[in-house]
Amino acid sequence: QVQLVESGGGLVQPGGSLTLSCAASGFTFSNYPMSWYRQAPGKEREFVARITSVGVYTNYADSVKGRFTISRDNAKNTVYLQMNSLKPEDTAVYYCSTLISWTRSWGQGTQVTVSS
């Protein structure tokens, strides 16, 4: 079955950087686009970034454009989210996700807290 395991979250000061990783298994990783979402306390889960199956195309939420970069390594079955110039409003649980046969799968999430 599809398994997605995020890592790399933590506490960072405003203006700092973090890189999240998501290790995938249970499906042919290189065949599918991958996405990152986030959910802040009391808010709905929202889209952050998406990358196509071979990494040619990416798209981002307006709130993170220019600060976050999504990438993937198909040899390692891993997708990354490089986050720079972090702001307190980026505080959330970050999830990686993929859509296979009309079913969206999620990881367990990793907490990112941006605070001084």
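Here's what I pulled together on the structure shown here.

What follows covers the state of the cysteines. On inspection of all chains with the given rule, the structure shows 1 disulfide. Between the sulfur atoms of C22 and its disulfide mate C96 the distance is 1.9 Å. Of this pair, C22 sits in strand β3 (residues 18–25) while C96 sits in strand β9 (residues 92–100), and the two are 74 residues apart along the sequence. C96 matches C22 in its accessibility class, with the two residues each being buried.

Attention now goes to the environment of M34. Secondary-structure assignment places M34 in strand β4 (residues 34–39). A relative accessible area of 0% places M34 in the buried class. For M34 and C96, which are 62 residues apart along the polypeptide, the C-alpha to C-alpha distance reads 7.2 Å. What M34 contacts, discounting residues up to four positions off in sequence, is L4, F27, F29, A49, R50, I51, I70, R72, V79, S97 and T98.

All told, the structure shown has 5 aromatic pairs when counted by the stated rule. When the ring of F27 is compared with that of Y32, the centres are 5.9 Å apart and the planes differ by 70°; the resulting orientation is edge-to-face. Judged by its relative accessible area of 24%, Y32 falls in the partly exposed class. Aromatic side chains Y37 and W106 sit 5.0 Å apart centroid to centroid with 75° between the ring planes, which places their arrangement in the edge-to-face category. Here the residue Y37 occupies a position in strand β4, and W106 occupies one in strand β10 (residues 103–106), the gap between them amounting to 69 residues. Three or more aromatic residues joined by ring pairs form one cluster here, namely Y37, F47, Y95 and W106. Here R45 stacks its cationic end above the ring of Y95, 3.8 Å away from the centre of that ring. The ring of F29 has R72 sitting right over it, with the charged end atom 4.3 Å from the ring centre.

Attention shifts here to the environment of F29. By secondary structure assignment, the location of F29 is in the loop between β3 and β4. The class of F29 is buried, set by a relative accessible area of 2%. Separated by 10 residues in the primary sequence, F29 and T19 place their C-alpha atoms 20 Å from one another. Filtering out sequence-adjacent residues up to four positions away, F29 remains in contact with A24, M34, R72, D73, N74, N77, T78 and V79.

With that settled, the discussion passes to the sheet that holds strand β1 (residues 3–7). Reading across the sheet, the 4 strands line up as β1-β3-β8-β7 and stay open at both edges, with antiparallel pairing between neighbours. Each of the sheet's edge strands pairs with one partner strand only, and the pair in question is β1 and β7 (68–73). When the angles between neighbouring strand axes are averaged without regard to direction, this sheet yields 15°. Relative to strand β8 (residues 78–83), β7 runs antiparallel, the two being bridged by 6 bridges. Directly across from F68, in β8, lies its bridge partner M83.

What counts as what
- Residues numbered from 1 in each chain as written.
- Predicted model: local features only at pLDDT ≥ 70, side-chain atom pairs only at ≥ 80, totals over all residues.
- Heavy atoms only, no water.
- Disulfide = S-S within 2.5 Å.
- Helix = DSSP H or I, 4+ residues; strand = E, 2+ residues; numbered from the N terminus.
- Buried < 20%, exposed > 50% of the residue type's maximum accessible area, 1.4 Å probe, protein only.
- Contact = heavy atoms within 4.5 Å.
- Phe/Tyr/Trp six-rings, centres within 6.5 Å; stacked < 30°, edge-to-face > 60°.
- Lys NZ or Arg CZ within 6 Å of the ring centre and 35° of its normal.
- Pairing = 2+ DSSP bridges.
- Axes fitted to C-alpha atoms, helices over the stretch in contact; angles between N-to-C directions.

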